[in-house]
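Now for the letters of each chain:
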Amino acid sequence: MLKLIASDMDGTMLDANECVPDGTYELILRLREEGIRFAATSGRRFDTLCELFEPIVDCMDFVASNGAQVIVEGELVDLEVFSHAAVKRLARVVDLFDTMHLALFDETRSYLLDDEARFEREVDKNLPNPVRVYAVPSPQVNILKASVYCDEDVMDMAYILTRELDDDFVFAPSGRKWIDVMQRGVSKATGVSQVLDAHGIRAHEMMAFGDSMNDYEILRMAGTSVAMGNARYAVKQIADKVIGTNVDHGVQAELRRVLEGLG
């Protein structure tokens, strides 16, 4: 029996303009009435997800900042903060290459370790409240998320970062020119596991939607895994089903099919 649906946001549930398509709130509420919970899983921070889902924010769960923020029924159940020393090691490696530019995020701000013009805003990397800094913020600043923008050769840069910092981080290409930097042992999947545990739901009772490599673990653990038509090739290969694109509102169409099947 399906009890939880977890969905990525950018490139998955959100449309081409990074907005929640019309009718989505109603679908989530109808699923809830049928006993199926909905969890937004995203690289976006919790504050930006709240803005997107403001009308129904109390009726869903959130795995934000690639698993660093987990909110269940309105309560913060986990907050994973980056090691200050590890972030400094990351900054030193990024600084070796003129094609890489580091962005760090706390709960409300984006700290840019290069001029803002060097970064291209893309999907969940919209850099809210940017602050130009010339060094890693002090340990008193709780860094929840880090991303590296690459002028070119994203896969090459991801390889280099992995070789240099594999003990500290996992690196996943995201979008066209970004690499998500995730703490070892912290991912969307670890966040979703906490949501499942909080509700007493097992992984095989979950359906998951995704398009990028930071969705890989969730799709692998879900009882039903669904890849977008615009997903990366590897994501499509491991999914149980491939649907339409986010531009075509493929997730919403699939949610309607789920509800029709319950009727």
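Note: the structure precedes this text.
What you are looking at is a predicted structure, and each value in this text was computed from that prediction instead of being measured.

## Considerations on the overall build of the protein
Along its length, the protein carries nine helices and 14 strands. The C-alpha atoms of the protein give 18 Å as radius of gyration, which agrees with the globular expectation for 263 residues (18 Å, within 12%). Taken along its principal axes, the extent of the C-alpha atoms in the protein is 60 × 35 × 30 Å. Once local pairs closer than 6 in sequence are excluded, the contacts in the protein between residues at least 24 apart make up 58%. Total accessible area on the protein is roughly 11500 Å²; 46% of this is exposed by carbon and sulfur atoms. Here the protein carries 27 positive and 45 negative side-chain charges, and the mean point of each set is 2 Å from the other.

## Some details on the sheet that holds strand E11 (residues 178-183)
Taken together, the six strands give an open sheet; going across it, the order is E8-E7-E6-E9-E11-E10, and neighbouring strands pair in mixed fashion. Of all strands in the sheet, those with a lone pairing partner are strand E8 (130-132) and strand E10 (169-174), marking the two edges. Recorded for the sheet is a direction-independent mean angle of 25° between the axes of neighbouring strands. Here strand E9 (residues 145-150) pairs with E11 via four bridges, running antiparallel. Paired with Val 148 across the two strands is Ile 179, which belongs to E11. Contacts between helix H5 (residues 154-165) and the sheet are confined to strand E6 (100-105), E9, E10 and E11, with E10 contributing the most and set at about 175° to the helix.

## Examining the packing of aromatic side chains
All told, the structure shown has seven aromatic pairs when counted by the stated rule. Measuring from centroid to centroid gives 6.1 Å for Phe 119 and Trp 178, while their planes differ by 25°, and the two rings are stacked. Of this pair, Phe 119 sits in the loop between strand E7 (110-112) and E8 while Trp 178 is found in strand E11, placing the two residues 59 residues apart along the sequence. Residues Phe 119 and Trp 178 agree in their burial class; the two are buried. Put simply, the rings of Phe 82, Phe 169 and Phe 171 pair up and form one aromatic cluster. Directly above the ring of Tyr 134 sits Arg 132, whose terminal nitrogen or CZ lies 4.0 Å from the centroid. Positioned above the aromatic ring of Phe 105 is the side chain of Lys 145, whose terminal nitrogen or guanidinium carbon lies 4.9 Å from the ring centre.

The rules behind the values
- Numbering of residues starts from 1 in each chain and follows the order in which that chain's sequence is written.
- Totals for whole chains, interfaces and linings use every residue, but because this is a predicted model, local features are given only for residues with pLDDT of at least 70 and side-chain atom pairs only at 80 or more, for both listing and counting.
- Side-chain numbers here rest on the full set of heavy atoms in the structure, without hydrogens or water.
- Under the DSSP-based scheme used, a helix requires at least four consecutive residues in state H or I and a strand at least two consecutive residues in state E, with every element numbered from the N terminus.
- Note that the radius of gyration is over C-alpha atoms, with the globule rule given as 2.2 Å times the number of residues to the power 0.38.
- Contacts were defined at the residue level, with two residues in contact if any of their heavy atoms lie within 4.5 Å.
- For the area figures, the Shrake-Rupley method with a 1.4 Å probe applies, and any residue is considered shielded solely by the protein chains shown.
- Two residue types count as positive, namely Lys and Arg, and two as negative, namely Asp and Glu; His and chain ends fall outside the count.
- We put the charge of a Lys on NZ, of an Arg on CZ, of an Asp on CG and of a Glu on CD.
- Between any two strands, at least two bridges found by DSSP are needed for them to pair.
- The axes are straight lines fitted to the C-alpha atoms, using for helices just the contacting stretch, and the angles between their N-to-C directions are given from 0 to 180°.
- Classification of ring pairs uses Phe, Tyr and Trp, with its six-membered ring standing for Trp, and accepts pairs whose centres are within 6.5 Å; under 30 degrees between planes counts as stacked, over 60 as edge-to-face, and the remaining range as tilted.
- Residue exposure (1.4 Å probe, protein chains only): buried if accessible area is under 20% of the type maximum, exposed if over 50%, otherwise partly exposed.
- When the NZ atom of lysine or the CZ atom of arginine is within 6 Å of a ring's centre and also within 35 degrees of its normal, the charge is said to sit over that ring.

So, to be careful, I would describe these as geometric facts and stop short of saying anything about function.
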